[in-house]
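# A structural walkthrough
In case you want the letters, here they are:
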Amino acid sequence: MKKIICLVGPSGAGKTAICEWLLKNNNLFAKVKTATTRSPRPNETENAYYFLSKENFEKKINMGKFLEFSEYAGEFYGTPTSSVDDIITSQKVAIVPIDIRGAKAYKDFYKDDVSVVFVYRDKKTIIEAIVERDIPSSEKSKRILQLDKEFENISLCDRCVINNRSLADAGKQINEIVSA
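Residues numbered from 1 in each chain as written. Predicted model: local features only at pLDDT ≥ 70, side-chain atom pairs only at ≥ 80, totals over all residues. Heavy atoms only, no water.

### Describing the nonpolar core
Core analysis: the largest hydrophobic core is formed by 40 residues, its most contacted members being I4, I5, C6, L7, V84, Y106 and I174. Counting 5 residues, the second largest nonpolar core, distinct from the first, contains L52, F57, F66 and F76. (Core = buried A, V, L, I, M, F, W, Y, C linked by side-chain atoms within 4.5 Å. Buried < 20%, exposed > 50% of the residue type's maximum accessible area, 1.4 Å probe, protein only.)

Shown next as structure tokens:
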């Protein structure tokens, strides 16, 4: 049985939606809480992230407290190793929507306990999802332009989940991966 599921794929493929559906409909899963230096968005609670100052984040990096971390748009994002270990200790399956670089770090650290799952959705549906997002137009363009590169990551994943039908169907596919 897998202890960690990393959901990777293009922006708009439904990684977060699948994760949220599993958390709501299956008590086997627990979402990995990650850290960031960005400010909370409107209606975003402390439960979404550990919100840290850049100074505190860098201190934790130097102490080796992060499994993986990256910088995006001038802000740090990362996974405290304790966040994953606490879930595993609780006998739940850790699930995290993450980029391929982060998924590789999970795989390097936790080895066979991790399944890196590519969330596949057709390009037309992905583009529609990106266009509907409440983000700046420049960010939408960037995400759409990165689609082909993101699709190349499928070859780096252990499994693939098709997200063209329903969240329940995608959730069923994830459950099958966990128990395999």
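Still more to cover.
### A look at the sheet that holds strand β9 (residues 159-162)
Where strands meet in a sheet, backbone hydrogen bonds hold them as pairs that are either parallel or antiparallel. Read from one edge to the other, the open sheet built from 5 strands follows the order β2-β7-β1-β8-β9, with strand pairing classed as parallel. Of all strands in the sheet, those with a lone pairing partner are β2 (29-31) and β9, marking the two edges. Across the sheet, the axes of successive neighbouring strands diverge by a mean angle of 30°, strand direction being ignored. Strand direction decides the pairing type here: β2 and strand β7 (residues 93-97), joined by 3 bridges, are parallel. Pairing of F29 across the sheet is with V93, part of β7. Strands in contact with helix α3 (residues 81-89) are β1 (4-8), β2 and β7; relative to β7, the strand with the most contacts, it is inclined by about 145°. (Pairing = 2+ DSSP bridges. Helix = DSSP H or I, 4+ residues; strand = E, 2+ residues; numbered from the N terminus. Axes fitted to C-alpha atoms, helices over the stretch in contact; angles between N-to-C directions. Contact = heavy atoms within 4.5 Å.)

Don't take any of this as a statement about function, it's just geometry.
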